[in-house]
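# Structure assessment
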Amino acid sequence: MLIVQKFGGTSVGDLERIQNVANRVSKTKKEGHDVVVVVSAMSGETNKLIGYAEHYSKNPARAELDMLLSSGERVTAALLAIALNEMGFSAVSMSGRKAGIVTDSLHTKARIEEIDPTAMHESLKEGKIVVVAGFQGVTSEGRVTTLGRGGSDLSAVAIAGALKADLCEIYTDVSGIFTTDPRIVPKAKKLDKISYDEMLELASLGAKVLQNRSVELAKKLNVNLVTRTSFTDEEGTLITKEENIMEKPLVSGIALDKNQARISLMGVKDRPGIASEIFNKLAKAGVNIDMIIQNVGHDGSTNIDFTVPVGDLHDAKAVVDTFIQSGDIKDDSYNDSICKVSIVGVGMKSHTGVAAKAFTAMANENINISMISTSEIKVSMVIDEKYAELAVRSLHDAYELDK
Ligand code: ADP
Ligand code: ASP
Ligand code: MG
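All of the points below concern the structure found in this document. (Residues numbered from 1 in each chain as written. Chains lettered and ligands numbered in written order. Predicted model: local features only at pLDDT ≥ 70, side-chain atom pairs only at ≥ 80, totals over all residues. Heavy atoms only, no water.)

This part takes up the pattern of salt bridges. If you walk through the whole model with that rule in mind, you get 21 salt bridges. One salt bridge connects R228 with E169, and the closest N-O pair in it is separated by 3.1 Å. Here R228, found in strand β11 (residues 225-229), pairs with E169, found in strand β9 (residues 167-172); they are 59 residues apart in sequence, far enough to count as distant. Judged by its relative accessible area of 8%, E169 falls in the buried class. A salt bridge links D197 to K219; its shortest N-O distance comes to 2.8 Å. Separated by 22 residues along the polypeptide, D197 in helix α6 (residues 196-204) and K219 in helix α7 (residues 212-221) bring together distant segments of the chain. (Salt bridge = Lys/Arg side-chain N within 4 Å of Asp/Glu carboxyl O. Helix = DSSP H or I, 4+ residues; strand = E, 2+ residues; numbered from the N terminus. Buried < 20%, exposed > 50% of the residue type's maximum accessible area, 1.4 Å probe, protein only.)

Okay, here's the thing in structure tokens:
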């Protein structure tokens, strides 16, 4: 078999843990499999590097950030290859560039355009263990890019797809996908299986155990994806097609996203085309919009509220400012002490009253809901950040997810 194994920040958090990873990888190799390893930076490293950049600038050039941040993953890749070689295995580390990962030029959240797996194939053919620095690629002009926070997951899935690997294992610091973040609800239950769609919603709604784009790609390429821990031999969670899951619970999981901000636009000129202009400009600036609420207008103007990731606030403000200057928007305000709690489950498609139960759970805790959005398989609520954990626990209880 050809197996891609990705190790997250905690799994390579110090030199001893990198040795532990080397042992695990060598075991897979000794079992006769071809192995491509994808590594993250040591935990805390990416944030440390961002801190260095912010020492000089509040808004450093994105291309320079990428040059800086991509170094974290290269350190672990090289160290792991050195450790494996010392154990008598033939291993070679590769940067994103060497691994053939070509992206667009949207620095700090670039999209993979194509992968040329020639170098990886050649090394595998020579019997080598290939160790790829995750989280990074290179533009067609040769500039280094990164794939968004948590992007080593995406590297692993994309490589698994390009190499047509039999299995892609994501090793992390929890033993699989749980009904919610086990750090918030210790009695959360580990799931044996979860559908791509549910996992995609959970990841998009804040469950950082897998980067959402990695799940999207895994679904598209039909990659066999397993999340498990690097610390024990416990079996993990299989992320698979919905039809492979017999029992479909009403609600599979709860996600929390504290990394959201709310932007309120007041006195927006109520004319055809205005929403299109605002949101097109925001999209062009790379701002990720989530929930949008437009109120009923009167006197020729209306209010629009929407949420964005906190990291996109700076860019969003710059766009909003241009509309204020042109007089299309009268006033704006920003709130970054909000959070979004969401319940996710494919079973919702065929049941009524699921959302009502969530609202009741919030009401019982006296938590005010300021925005709501729903889809076939999720209900999201924006609430005050100080109630984040309480809301997650109450929802977990309301849907009896520990049972
Ligand atoms: P890595 O560094 O290995 O990529 P991350 O820190 O990105 O790991 O993701 C793992 C973390 O995701 C866990 O420690 C856990 O706190 C969090 N998490 C959030 N939601 C879930 C969930 N539903 N199931 C499991 N872990 C979750
Ligand atoms: N090191 C990067 C981050 O912290 C990528 C990753 O760990 O997946 O976001
Ligand atoms: Mg991660």
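Below, the discussion takes up the packing of helix α8 (residues 274-284) against helix α9 (residues 313-325). Remark: α8 packs on α9, axes separated minimally by 9 Å, with the N-to-C direction vectors making an angle of 145°. α9 is crossed by α8, and the crossing has right-handed handedness. Between α8 and α9, the contacting residues are E277, I278, K281 and L282 on the first element and A316, V319, T322 and F323 on the second. For the contact of α8 with α9, the residue count by class is five nonpolar, one polar and two charged. (Axes fitted to C-alpha atoms, helices over the stretch in contact; angles between N-to-C directions. Left-handed = near helix turned anticlockwise from the far one by under 90°. Contact = heavy atoms within 4.5 Å. Nonpolar A, V, L, I, M, F, W, Y, C, P; charged D, E, K, R; others polar.)

Here we come to the site of ligand 1. The environment of ligand 1 is formed by 17 residues, the closest being T172, D173, F178, D181 and R183. The contact in question runs from an oxygen atom of ligand 1 to an N or O atom on the side chain of D181, over 2.8 Å. Separating an oxygen atom of ligand 1 from a backbone N or O atom of V209 is a distance of 3.5 Å. Here ligand 1, which alone exposes 570 Å², has 90% of that area covered by the protein. (Near = heavy atom within 4 Å. Polar contact = N/O pair within 3.5 Å; in protein donor to acceptor, adjacent residues only side chain to side chain. Areas by Shrake-Rupley, 256 points an atom, 1.4 Å probe, with all protein chains shown as cover.)

In this section: the sheet that holds strand β15 (residues 301-309). Pairing in this open sheet of six strands is antiparallel, and the strands run β14-β15-β13-β16-β18-β17 from one edge to the other. Strands at the two margins of the open sheet, each flanked by one partner only, are β14 (292-294) and β17 (371-375). If you compare each strand with its neighbour and ignore which way they point, the axes differ by 25° on average. In this sheet, β15 lies alongside strand β13 (residues 253-269) in antiparallel orientation, the contact comprising eight bridges. Each residue of the ladder has a partner; that of R262, found in β15, is T307. Of the strands in this sheet, β13, β15 and β16 (329-344) are in contact with α9, which crosses β16 at around 145°. Where helix α11 (residues 388-398) meets the sheet, its contacts fall on β13, β16 and β18 (378-384), and the angle it forms with β13 comes to roughly 120°. (Pairing = 2+ DSSP bridges.)

If a residue is not glycine, its phi is most likely negative; likewise, a peptide bond is most likely trans. Residue D299 is not a glycine yet carries a positive backbone phi of 55°. Following the sequence through the fold, D299 ends up in the loop between β14 and β15. Given the relative accessible area of 78%, D299 is considered exposed. Here the phi dihedral of N366 falls at roughly 65°; this positive angle occurs in a residue that is not glycine.

Before going further, it helps to examine the nonpolar core. A general feature of soluble globular proteins is that nonpolar side chains tend to end up buried together. Core analysis: the biggest nonpolar cluster contains 39 residues, and V4, V36, M120, I159, C168 and M199 have the highest contact counts within it. Counting residues per element, the ones that place at least two in this core are β1 (2-7), β2 (34-39), α4 (118-125), β6 (129-133), α5 (152-162), β9, α6 and α7. The element that contributes the greatest number of residues to this core is α5, accounting for five residues. With sequence-adjacent residues up to four places away left out, C168 is seen in contact with V4, A156, V157, A160, V223, N224, L225 and V226. (Core = buried A, V, L, I, M, F, W, Y, C linked by side-chain atoms within 4.5 Å.)

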